Amino acid sequence: MDSGSGSEHIEGMSGNELEPEQQQQQQQQAGKKKRYHRHTVRQIQEMEALFKECPHPDDKQRLKLSQDLGLKPRQVKFWFQNRRTQMKAQQDRSDNVILRAENDNLKNENYRLQAALRSIMCPTCGGPAMLGEMGYDEQQLRLENARLKEEFERVCCLVSQYNGRGPPNPLLPPSLELDMSINNFSSKFEDQPNCVDMVPVPLLMPDQNNTQFSGGPMILEEEKSLAMELALSSMDELVKMCTSSDPLWIRASNDSGKEVLNVEEYSRMFPWPVGVKHNGNELKIEATRSSAVVIMNSITLVDAFLDTNKCIELFPSIISRAKTIQVVTSGVSGHASGSLQLMFMEMQVLTPLVSTRECYFLRYCQQNVEEGSWAIVDFPLDSLHNNFPPPFPYFKRRPSGCIIQDMPNGYSRVTWVEHAEVEENPVNQIFNHFVTSGVAFGAQRWLSILQRQCERLASLMARNISDLGVIPSPEARKSLMNLAQRMIKTFCMNISTCCGQSWTALSDSPDDTVRITTRKVTEPGQPNGLILSAVSTSWLPYNHFQVFDLLRDERRRAQLDVLSNGNSLHEVAHIANGSHPGNCISLLRINVASNSSQSVELMLQESCTDDSGSLVVYTTVDVDAIQLAMNGEDPSCIPLLPLGFVITPINNGQANINNCDNNVSGIEANSSQSSEKRQNLSSIQEYSGGCLLTVGLQVLASTIPSAKLNLSSVTAINHHLCNTVQQINAALVAFYPDIEITAPSSPPPQQPESSKQVDENSNS
């Protein structure tokens, strides 16, 4: 629809005025051309005049007006409906401005009160005074501060209901006066005095519940026929983009195998729809295509793509949140073919340095029985909801999706197309090429993860497994795999910017990639209290498979003191969940020293790799929790606080491997690592460029969710991050001493100057 003052309407009866047989007949003829009518200036003026007097005219008034203006009664009815919707949107925007102004007033008042509280000094040590040392007036100020904070959160919820997005991030500098005791990394996090400098870290509790979505668009009954027309045209566009080659897709000469969309040819084949706003000069086009064979049949894949919960399970490292807002049509006789759904999705990159992408879109599914294939297309809401506020940063998913072709033995060939318009936003230099090249959210990454997850699901459903280690039964094996899947999802969500999660840099240097945040946890599944998260990304001059092999191997990782605290690891259970030997779940026993008073702990670890990158995620669990999971009890109550590594390949370099063969002969035959080095050096021909290593740490800062953060705790976890990266780099240099790789154009991130100064002055 154009606007409330001059809408275009399809001739014929509306959806709610048709009989069931007529509705079905209209759906079958949805692809036919409809006649349109645009109102004249006089018609609009007459209807505007009546609207000012009576926004809800009755049947007699509409009939009289239609006779005077030469319109049909239903056209008058639709015009008044659209005009009322437009007026409501204007009123909502006005209310939104008022609420934002109230928000600003509350923030300013909160700032003033917190500044007054921090200015109160302890007469003994010169630090911030505690509550028990204050007089009556200061205590009243604290109570008023708490009341204003609750009022601010209430207003945030009201604002979110009007603009259809998540609640704004409460970025108020907290009154940080409590100390934290972090025991996860042994003596590296010792208790510090209360009277220390404070660091303003954002404190929030992100909404990770997929069922809570306030606001958002809805498809009205009279809009369903137009939505179906758009679905059919978008499906036609997707099929052509999947099956066409040159000149629509051109292979890039500088990157073997990569296809680039010919924008001019695309504009010729698919003209811009009439009435849809075009911002082509202001936005960047990202278009990628890829094809692969996956170990899953088409029916199961279609069912997963139409169920947002299953979709998140398939793509835990890309999709952080997803929700089906509305089922517009459910298909023929409950069959998936012909179904049309309105969905919301938030997509992420596993780093705080890249913003997530949010979008509302319509997903349409269609089966081609003759060819034995399915097609699923996602297309935007522009033609139905022009006034719906776009996400920030701007992102619109143009017709994208996949064609699924059944193959023998339960396999499927999937051709995937990702096509989107994105706003040109600055990205941290270390991830700039990864995002701007279209790899971060491109079709290749989606398909690589889909292949790996399909192999994982096949392993999950397998029951003829003979070697289970200490796992007593296939049911216990499945329960342990589900626990590891939850660990992966928790880790991915807690190191990205999903759910409005904000991160704080430790310095203003552009080379600083360390980000920290805190969050309150009161729900089961994670330790209750205040959790401090820290993430850092570094460039390494090694292929991501080399780094992955080092970090996934418990024998080699145990050599890194910063990760093992001097304890060795012994694998007691192993579950293969993919064709690559590195795709597995391990249950490791932590062998502490014999004179230690610590109880025996286990470590649950999952490692996975594909062409798009690698993950190594692990968490410590006690023996009772693992026994609970293996006995078939609900493992959702087991608290997990995962740590791990994300390894992202980049192509900004080329390995210098001319002397590799000569170096092999120099390895001593009696060396314990000679055979392993020979094996790795023989495969160096495959390695080129470097990779980005993202280290994600989480610690339980305090068992009290309302606790605050001080600088000593931030210094300790930052120091631990730096030591982790340094030891990993040193281990790689020791294991691959003969590889020389040219660094990428942007320099590797350095430890921020402010952090270095803090580390030198810290006693922790």
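Residues numbered from 1 in each chain as written. Predicted model: local features only at pLDDT ≥ 70, side-chain atom pairs only at ≥ 80, totals over all residues. Heavy atoms only, no water.

- For the protein, an unreviewed UniProt entry supplies the name Homeobox protein and the organism Solanum tuberosum.
- For the record of the protein, the UniProt heading Subcellular location (unreviewed entry) holds the text "Nucleus".
- Recorded in UniProt under Sequence similarities (unreviewed entry), the annotation for the protein is "Belongs to the HD-ZIP homeobox family. Class IV subfamily." (UniProt positions renumbered as here; feature names shortened; annotations may be inferred.)

**Here we look at the packing of aromatic side chains**
Thought 1: Within this structure, the stated rule accounts for 14 aromatic pairs.
Thought 2: Ring centres of F315 and W446 lie 4.9 Å apart, and the angle between their planes is 65°; on these two criteria the pair is classed as edge-to-face. A residue pair is termed long-range when its members are at least 10 positions apart, and F315 in the loop between α9 (308-314) and β7 (319-330) and W446 in helix α11 (residues 443-461) qualify at 131 residues. W446 matches F315 in its accessibility class, with the two residues each being buried.
Thought 3: These aromatic residues form a ring-pair network of at least three members: F305, F315, W416 and W446. (Phe/Tyr/Trp six-rings, centres within 6.5 Å; stacked < 30°, edge-to-face > 60°. Helix = DSSP H or I, 4+ residues; strand = E, 2+ residues; numbered from the N terminus. Buried < 20%, exposed > 50% of the residue type's maximum accessible area, 1.4 Å probe, protein only.)

**Thoughts on the pattern of salt bridges**
Side chains that differ in charge, positive against negative, can pair when their charged atoms come close.
Thought 1: Counting across every chain of the model gives 22 salt bridges.
Thought 2: Across the salt bridge formed by K310 and D303, the nearest N and O atoms sit 2.4 Å from each other.
Thought 3: K310 sits in the partly exposed class, given a relative accessible area of 37%.
Thought 4: For D303, a relative accessible area of 38% corresponds to the partly exposed category.
Thought 5: Taking the shortest distance from any N to any O, the salt bridge between R321 and E346 comes out at 2.9 Å. You can see R321 sitting in strand β7 and its partner E346 sitting in strand β8 (residues 339-347), a full 25 residues away along the chain. Each member of the pair, R321 together with E346, is buried.
Thought 6: When salt bridges with common partners are traced through the structure, they connect R363, D378, R397 and E418 into a single cluster. (Salt bridge = Lys/Arg side-chain N within 4 Å of Asp/Glu carboxyl O.)

**Regarding the packing of helix α13 (residues 544-552) against helix α19 (residues 711-735)**
Thought 1: Two elements in contact, α13 and α19, have axes separated by 11 Å at closest approach and are oriented at 110°. One way to sum up the angle between α13 and α19 is to call them roughly perpendicular. Contacts from Q546, V547, L550 and L551 of α13 reach α19 at I728, A731 and L732.
Thought 2: In terms of residue class, the contact of α13 with α19 is built from six nonpolar, one polar and no charged. (Axes fitted to C-alpha atoms, helices over the stretch in contact; angles between N-to-C directions. Parallel < 35°, antiparallel > 145°, perpendicular 65-115°, else oblique. Contact = heavy atoms within 4.5 Å. Nonpolar A, V, L, I, M, F, W, Y, C, P; charged D, E, K, R; others polar.)

**Description of unusual backbone geometry**
Thought 1: The peptide bond linking D246 to P247 adopts the cis configuration, its omega dihedral lying at 10°.
Thought 2: Here P247 lies in the loop between α6 (224-243) and β4 (249-251).
Thought 3: A positive phi is found at C499, a non-glycine position, where the angle reads about 60°.
Thought 4: The topology assignment puts C499 in the loop between α12 (474-494) and β14 (504-505).

**Here's the deal with the confidence of the model for the protein**
Thought 1: With 69% of its residues at a pLDDT of 70 or more, the protein shows a mean pLDDT of 75.
Thought 2: Confidence drops under pLDDT 50 across residues 1-18; counting only partners more than four residues distant or on other chains, this segment forms 59 contacts.
Thought 3: Contacts from residues 130-134, a stretch scored under 50 in pLDDT, to residues over four places away or in other chains number 10 contacts. (pLDDT = per-residue confidence, 0-100.)

**Points about the pairing of strand β21 (residues 643-649)**
Thought 1: Of all the seven residues making up β21, six are buried; the element is thus mostly covered by neighbouring parts of the structure.
Thought 2: Bridge analysis of strand β20 (residues 613-622) against β21 gives five bridges, and the strand direction is antiparallel. Each residue of the ladder has a partner; that of Y618, found in β21, is L643.
Thought 3: Inspection of the sheet shows β21 paired to strand β23 (residues 691-702) by six bridges, in the antiparallel sense. Looking at the pairing, T648 lines up with L692 of β23. (Pairing = 2+ DSSP bridges.)

**Some remarks on the nonpolar core**
Thought 1: Grouped together as the largest cluster of nonpolar side chains are 48 residues, with contacts concentrated most on L301, F305, F315, I319, W416 and L450.
Thought 2: In terms of residue count, the dominant contributor to this core is α11 (six residues).
Thought 3: Here this core spans two domains, since at least three of its residues come from each of domain 2 (223-271 + 280-461) and domain 3 (474-652 + 689-735).
Thought 4: With sequence-adjacent residues up to four places away left out, I319 is seen in contact with C311, I312, M345, E346, Q348 and W446.
Thought 5: Counting 38 residues, the second largest nonpolar core, distinct from the first, contains L506, L540, L588 and I717. (Core = buried A, V, L, I, M, F, W, Y, C linked by side-chain atoms within 4.5 Å. Domains from an automatic or database assignment.)

**A short note on the state of the cysteines**
Thought 1: With the rule as written, the count across this model stands at zero disulfides.
Thought 2: There is no disulfide at C584, and the cysteine sulfur nearest it, in C608, is 9.5 Å away.
Thought 3: You can call C584 buried: its relative accessible area is 5%. (Disulfide = S-S within 2.5 Å.)

**Focus: the pairing of strand β18 (residues 584-591)**
Thought 1: Among the eight residues in β18, six count as buried, and that is most of the element.
Thought 2: Of the strand pairs in this sheet, strand β17 (residues 568-576) and β18 are connected by eight bridges, and their pairing is antiparallel. Bridge pairing in β18 places A576 opposite C584.
Thought 3: Pairing analysis gives seven bridges linking β18 to strand β19 (residues 601-610), with the strands arranged antiparallel. Residue C584 lies in a different strand from β19, and its bridge partner there is S607.

**With respect to the side chain of E286**
Thought 1: Along the chain, E286 turns up in strand β6 (residues 283-294).
Thought 2: In this structure E286 comes out as buried when scored by relative accessible area, which is 11%.
Thought 3: At 3.1 Å, the side chain of E286 and the side chain of R357 are in polar contact. (Polar contact = N/O pair within 3.5 Å; in protein donor to acceptor, adjacent residues only side chain to side chain.)

**Concerning the environment of L709**
Thought 1: For L709, the location among the structural elements is in the loop between β23 and α19.
Thought 2: For L709, a relative accessible area of 3% corresponds to the buried category.
Thought 3: As for L709 and T517, which are separated by 192 residues in sequence, their C-alpha atoms are 10.0 Å apart.

**Thoughts on the environment of P541**
Thought 1: You can see P541 is positioned in the loop between β16 (529-540) and α13.
Thought 2: With a relative accessible area of 22%, P541 lands in the partly exposed category.

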